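What follows is the residue order along each chain.
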Amino acid sequence: IGLVNCAVGSTDMSEWVSGSCSNSNLAYCELGDKCSQQVRQALAQHPGAYLAGILFNQGQSDIHEGVGWWPSLFGQLVDTWHGSWGQVPIVFAQLGQFQDPLRTSQEIDFFRAAQSAIQKPNTAMIVTQDLPVIDGVHLTTEGQIQQGQRFAQVMAHTRPLKECTEPWWSRIVR
C-alpha cells in the first residue's frame, strides 16, 4: 500500500475545488487537481499500481466561514475525483474536537451535521469527535493512529485488500 500525501494545512474547501478559490496565493488554489496530478505521477512510477481510494481530512478552516457552502464544494470535489478516477471510495473525516472562542458549540454541531448529511456514491465519513487533541484542534499521535484505524476499517469494507491477513495497524510498534 502506498500513500500519496496531498496535505496542505490551513486550507478551506474552496481551495480544493477547481474554479472556487478566492485565495490570492495561487499556490493554494485547485489543490484537488494538484493532488490528482501527484497521484498520476506516483502511479506512473509504479507500473501495475492503482488508486484504491482517497482519504480526506479537512474542515477546521471552514468552520470560520460557516457551514453554508462546505457540503456543495465537497460534493464538487468528490464529483471531480470520481470523474478522474472512477468510482473509487472516498472516505472523509468529520470535524473532530474543535475549541474556538468565536464559535458556539451549536455552530460546530451544525457543521458536523452538514458533513453527516453528505450523500455521494462511494463516499463515507468517519467520526473523529471522540479522538484526543493537543491544542483544541489537532489530533495527538494516539488520535492520529485511531483515525488511521478508522480510515482503514472503512476502506477494508469498500475494497478487499489483497494478501492482507491481519489489520496493518496491529503491527505498529509503540
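Above this note sits the structure.
Per chain, the residues get numbers from 1 upward, laid out in the order the sequence is written. Local features in a predicted model are, by the rule used here, given only for residues with pLDDT of at least 70; side-chain atom pairs are given and counted only at 80 or more, and totals for whole chains, interfaces and linings are based on all residues. The basis for the side-chain values is all heavy atoms of the structure; hydrogens and waters are excluded.

Chemist: Can you help me understand the overall build of the protein chain in this one?
Modeler: Where helices and strands are cited, they refer to DSSP runs of H or I of at least four residues and of E of at least two residues respectively, numbered from the N terminus. Within the protein chain, the regular secondary structure consists of four helices and three strands. In the protein chain, the succession of α and β elements from N to C terminus is α-β-α-β-α-β-α. Per-residue accessibility, obtained with a 1.4 Å probe over protein chains only, is compared with the maximum for each type, and a residue is labelled buried under 20%, exposed over 50%, and partly exposed between these values. Within the span of the protein chain, comprising 174 residues, buried residues form 37% of the whole. Contact criterion: two residues are considered in contact whenever any of their non-hydrogen atoms come within 4.5 Å of each other. Taking the intrachain contacts of the protein chain between residues at least 6 apart in sequence as the baseline, contacts between residues at least 24 apart amount to 64%. In the form shown here, the protein chain has an accessible surface area of approximately 10,100 Å², with 53% of it arising from carbon and sulfur atoms. Where accessible areas are quoted, they stem from the Shrake-Rupley method and a 1.4 Å probe; at the residue level, only the protein chains shown are allowed to cover.

Chemist: I tried to follow the sheet that holds strand S3 (residues 123-126) on my own but got confused; where do I start?
Modeler: Backbone hydrogen bonds are what pair the strands of a sheet, in a parallel or an antiparallel way. In this analysis, strands are considered paired if DSSP registers two or more bridges between them. On the basis of which strands lie adjacent, the open sheet formed by three strands has the order S1-S2-S3 and parallel pairing. Looking at which strands have only one partner, the edges of the open sheet turn out to be strand S1 (54-56) and S3. With direction set aside, neighbouring strand axes in the sheet form an average angle of 20 degrees. Bridge analysis of S1 against strand S2 (residues 90-93) gives three bridges, and the strand direction is parallel. In the sheet register, Leu 55 faces S2, and the bridge partner there is Val 91. Contacting S1, S2 and S3, helix H4 (residues 141-158) crosses the sheet at an angle of about 155 degrees to S2. Inter-axis angles, ranging from 0 to 180 degrees, are taken between N-to-C directions of lines fitted to C-alpha atoms, where helices are fitted over the stretch in contact.

Chemist: I'm lost on the environment of Gln 147 in this one. Help?
Modeler: As for its position among the elements, Gln 147 is in helix H4. Once the C-alpha coordinates of Gln 147 and Leu 131 are considered, the two residues, 16 residues apart in sequence, prove to be 7.7 Å apart. Setting aside residues no more than four positions away along its own chain, Gln 147 makes contact with Asn 57, Ala 93, Ile 126, Thr 128, Leu 131 and Leu 139.

Chemist: When you look at the environment of Leu 139 in this model, what are you seeing that I'm missing?
Modeler: Examined against the element boundaries, Leu 139 turns out to sit in the loop between S3 and H4. Considered as a pair, Leu 139 and Thr 128 are 11 residues apart in the sequence and their alpha carbons are 9.2 Å apart. Once residues within four sequence positions are removed from consideration, Leu 139 is found in contact with Leu 131, Pro 132, Val 133, Ile 134, Gln 144 and Gln 147.

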